[in-house]
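# Secondary and tertiary structure notes
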Amino acid sequence: MKVEGGCHCGLLRYEAEIGEGPFKILDCDCSICSMSGYLHLIIPESRFRLLDGKQDSTTYRFGSGKARHIFCSQCGIKSFYRPRSHPEGISLNLRCIDDWQDLTVEISPFDGRSA
């Protein structure tokens, strides 16, 4: 299944091949994910394509610096990023996928504080 998504203002847009549901969503308890309400759908990087907005994004790193948190420089929304826990993958924010409410999902806790 192919989906599209992006940030709040629409400057960042992507498409991704996410397979077939039900989709395993991780609800991470690390400091940044718990504060922002980020819900992870992790896919291989090869199944992700940024359509628009590379020049409109900014990257934030903290802690080990391994994760690349990519935000829209205009609206501040993180619709996708490269997680430390899955360095060969891309994490899509479930809430930033167009029509995400139509997907069948299974949300599981993820211990990002200890990972």
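Before reading on, note that the structure itself is shown above.
Residues numbered from 1 in each chain as written. Predicted model: local features only at pLDDT ≥ 70, side-chain atom pairs only at ≥ 80, totals over all residues. Heavy atoms only, no water.

Let's shift gears to the overall build of the protein chain. When helices and strands are tallied, the protein chain shows 1 helix and 10 strands. Seen in sequence order, the protein chain has helices and strands lined up from the N terminus as β-β-β-α-β-β-β-β-β-β-β. Principal-axis analysis of the C-alpha atoms gives the protein chain an extent of 35 × 30 × 25 Å. Counting the 115 residues in the protein chain, one finds 40% classified as buried. Taking contacts inside the protein chain between residues at least 6 apart in sequence as the whole, the part at least 24 apart equals 59%. (Helix = DSSP H or I, 4+ residues; strand = E, 2+ residues; numbered from the N terminus. Buried < 20%, exposed > 50% of the residue type's maximum accessible area, 1.4 Å probe, protein only. Contact = heavy atoms within 4.5 Å.)

The 3 strands lie next to each other as β1-β2-β5, forming an open sheet whose pairing is antiparallel. Looking at which strands have only one partner, the edges of the open sheet turn out to be β1 (2–6) and β5 (48–52). Mean inter-strand twist for the sheet, computed between neighbouring axes without regard to direction, equals 25°. Pairing between β1 and strand β2 (residues 13–17): 5 bridges, direction antiparallel. (Pairing = 2+ DSSP bridges. Axes fitted to C-alpha atoms, helices over the stretch in contact; angles between N-to-C directions.)

Now for the side chain of Glu15. Residue placement: Glu15 occurs in strand β2. The exposure class assigned to Glu15 is buried, which follows from its relative accessible area of 15%. Not counting chain neighbours up to four residues away, the residues in contact with Glu15 comprise Lys2, Val3, Glu4, Arg47, Phe48, Arg49 and Leu51.

Further remarks concern the nonpolar core. Soluble globular proteins: nonpolar side chains tend toward being buried together. Counting 20 residues, the largest nonpolar core has Ile18, Leu41, Ile43, Phe80, Leu92 and Ile97 as the members making the most contacts within it. Elements supplying a minimum of two residues to this core: β2, β3 (23–28), β4 (40–44), β7 (68–72) and β9 (89–93). Among residues more than four places away in sequence, those in contact with Ile97 are Val3, Glu4, Gly5, Tyr14, Leu41, Leu92 and Leu103. Cys30, Ile32, Cys33 and Tyr38 belong to the second-largest nonpolar core, a separate cluster that totals 8 residues. (Core = buried A, V, L, I, M, F, W, Y, C linked by side-chain atoms within 4.5 Å.)

Attention now moves to the packing of aromatic side chains. Remark: the centre distance and the inter-plane angle together describe each pair of aromatic rings, the angle taken between the planes. On inspection of all chains with the given rule, the structure shows 5 aromatic pairs. Judged by centre distance (5.4 Å) and plane angle (35°), the ring pair of Tyr14 and Phe48 falls under tilted. Placement of Tyr14 in strand β2 and of Phe48 in strand β5 is noted, with a sequence separation of 34 residues between them. Here Tyr14 falls in the buried class, since its relative accessible area comes to 0%. With a relative accessible area of 15%, Phe48 lands in the buried category. (Phe/Tyr/Trp six-rings, centres within 6.5 Å; stacked < 30°, edge-to-face > 60°.)

Geometrically, the link from Gly21 to Pro22 is a cis peptide bond, its omega value of 5° lying close to zero. Its place among the elements puts Pro22 in the loop between β2 and β3. A positive phi angle is found at Asp99, which is not glycine, with a value near 55°. Assignment of secondary structure puts Asp99 in the loop between β9 and β10 (105–110).

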